[in-house]
Amino acid sequence: IDIEKVSSYEELSKKAANILVELLREKPAANLGLATGSTPVGMYEQLIKAYQEGNVSFQDTHTYNLDEYIGLERSDPNSYHYFMKKTLFDHIDINPDHTHIPSGIAEDLEEECVSYERLIKANGGIDIQILGLGLNGHIGFNEPGTDFASRTHIVKLAESTRTANARFFSKKEDVPKQAITMGIQSIMEAKKIVLLAFGKKKMDPLQRLMKGVVHPDFPASILRLHPNITIIYGE
Ligand code: F6R
């Protein structure tokens, strides 16, 4: 594991963005695996800045997001489609047809899972997957107990995750109970993983990721077995 400690959130965001900018310079048509949540927001800001300064273009880039809530329209401000558009896609030169996020409103959700996996494979797999870290060790929406062999699937959200995400909704009851997420095996197949963790609250889960037993009770523990992972963290 390549592990880098930073002394500020800004430094974390810059380091993470630089990794992606460097990849895109070498391989403009790279496939980026993206995450939502609070942690990568600063990295997205840095990517927008790099684009505005003419240091990077996303014209040939494809993106694949980890997850989406079930039942929220794309235009719903709490959907991850909306989040990605407002946080990144609207501000860079990416072709909207190249941005992929599992659909939480597909008529046939099982089929949506299968076709999302197929799409990623057909396009050559993910070059770099960005990950945040859930306090209970979840990655994507893969909650404790998820099979390490899982692929894109439908999940019931843990109460703790619904509570943690309630901050974005007007009330907790509005937080969807289900989501669609890339599986742990899908995540592990990325050629490189960059996990971002910032803040005191994340230091315990990070310890468990690095030193705890590799077990589905703490999904992120599997990342230790990935051959090319960089962890950027700070508090
Ligand atoms: C986001 C995702 C989640 C978050 C995790 C950490 O697409 O899949 O696993 O990465 O919940 O969230 P933050 O960054 O808000 O602490």
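Computed from a predicted structure; not experimentally measured.

A. Inspection of the overall build of the protein at higher detail. Helices and strands together make up the secondary structure of the protein, namely seven helices and 10 strands. Along the longest, intermediate and shortest principal axes, the C-alpha atoms of the protein span 45 × 40 × 35 Å.

B. Broad picture of the sheet that holds strand β7 (residues 153-156). Spatial strand order, β4-β8-β7: three strands in an open sheet with antiparallel pairing. The open sheet has two free edges, formed respectively by β4 (67-69) and β7, since each of these has just one partner strand. Neighbour to neighbour, the strand axes of the sheet diverge by 25° on average, direction disregarded. Strand direction decides the pairing type here: β7 and strand β8 (residues 178-181), joined by four bridges, are antiparallel. Across the sheet, Ile 154 pairs through a bridge with Ile 180, a residue of β8.

C. Focus on the UniProt feature "active site" (unreviewed entry) in the protein. What UniProt calls "active site" (unreviewed entry) maps, in this numbering, to Asp 67, Asn 136, His 138 and Glu 143. Take Asn 136: it is sitting in the loop between β6 (128-131) and β7. Residues within four places of Asn 136 in sequence aside, it is in contact with Glu 143, Pro 144, Ala 158 and Ser 160. With respect to the helices and strands, the residue Glu 143 is situated in the loop between β6 and β7. By C-beta crowding, Glu 143 is classed as buried, having 21 other C-beta atoms within 10 Å. If we ignore the near neighbours within four places in the chain, the residues touching Glu 143 are Asn 136, His 138, Val 155, Ala 158 and Thr 161.

D. Representation of the pairing of strand β3 (residues 62-65) in the model. By the alternation rule, side chains of β3 split into His 62 and Tyr 64 and Thr 63 and Asn 65, which are all buried. In the sheet, strand β2 (residues 31-34) pairs with β3 via four bridges, with the strands oriented parallel. Bridged to Asn 31 within β3 is His 62. This β-α-β element, β2 to helix α2 (residues 41-52) to β3, shows right-handed connectivity.

E. Summary view of the sheet that holds strand β9 (residues 192-198). The strand order across the open sheet built from seven strands is β1-β10-β9-β6-β2-β3-β5, with neighbouring strands paired in parallel fashion. Of all strands in the sheet, those bounded by a partner on one side alone are β1 (2-5) and β5 (99-100). In the sheet, β9 pairs with strand β10 (residues 229-234) via six bridges, with the strands oriented parallel. Paired with Ala 197 across the bridge in β10 is Tyr 233. Sheet strands touched by helix α1 (residues 9-26): β1, β2, β6, β9 and β10. Its angle to β10, the strand with the most contacts, is close to 160°.

F. Looking closely at the UniProt feature "domain: Glucosamine/galactosamine-6-phosphate isomerase" (unreviewed entry) in the protein. Listed under "domain: Glucosamine/galactosamine-6-phosphate isomerase" (unreviewed entry) in the UniProt record, and renumbered for this structure, are residues 9-224. The distance separating the terminal C-alpha atoms of residues 9-224 is 23 Å; by composition the span is 34% helix and 15% strand.

G. Molecular detail of the site of the ligand. Taken together, 14 residues are adjacent to the ligand, and Thr 36, Gly 37, Ser 38, Thr 39 and Gly 132 come closest. Along the lines of polarity and charge, the residues of the shell around the ligand split into five nonpolar, eight polar and one charged.

H. Structural context of the packing of α1 against α2. Contact pair α1 / α2: the axes reach a minimum separation of 8 Å and the direction vectors enclose 55°. When the axis of α1 is compared with that of α2, the two are oblique. Classified by chirality, the crossing of α2 by α1 is right-handed. Residues Tyr 9, Glu 10, Leu 12, Ser 13, Lys 14, Ala 16, Ala 17, Leu 20 and Val 21 of α1 touch α2, and the partners they reach there are Gly 42, Met 43, Glu 45, Gln 46, Leu 47 and Ala 50.

I. Highlighting α1. End to end, α1 covers 26 Å across 18 residues, agreeing with the expected 26 Å (1.5 Å per residue, within 8%). Within α1, the full set of buried residues consists of Leu 12, Ser 13, Lys 14, Ala 16, Ala 17, Leu 20, Leu 23 and Leu 24.

J. Seen up close, helix α4 (residues 109-122). For α4, with 14 residues, the first-to-last C-alpha span of 20 Å sits near the 20 Å given by 1.5 Å per residue. Of all the residues in α4, the buried ones are Glu 112, Cys 113, Tyr 116 and Ile 120. Along the axis of α4, the buried positions cluster into a sector of 105°, meaning they face one direction only. Turned more than 90 degrees away from the buried face of α4, the exposed residues are Glu 110, Glu 111, Arg 118, Lys 121 and Ala 122. In the core, the buried residues of α4 are packed alongside β3, β7 and β8.

The rules we used
Residues numbered from 1 in each chain as written. Predicted model: local features only at pLDDT ≥ 70, side-chain atom pairs only at ≥ 80, totals over all residues. Helix = DSSP H or I, 4+ residues; strand = E, 2+ residues; numbered from the N terminus. Pairing = 2+ DSSP bridges. Axes fitted to C-alpha atoms, helices over the stretch in contact; angles between N-to-C directions. UniProt positions renumbered as here; feature names shortened; annotations may be inferred. Contact = placed C-beta atoms within 7 Å. Buried ≥ 20, exposed ≤ 12 C-beta atoms within 10 Å, placed from the backbone. Right-handed = clockwise from strand over helix to strand, strands pointing away. Near = placed C-beta within 6 Å. Nonpolar A, V, L, I, M, F, W, Y, C, P; charged D, E, K, R; others polar. Parallel < 35°, antiparallel > 145°, perpendicular 65-115°, else oblique. Left-handed = near helix turned anticlockwise from the far one by under 90°. Expected span 1.5 Å × (residues − 1). Arc of directions from axis to C-beta.

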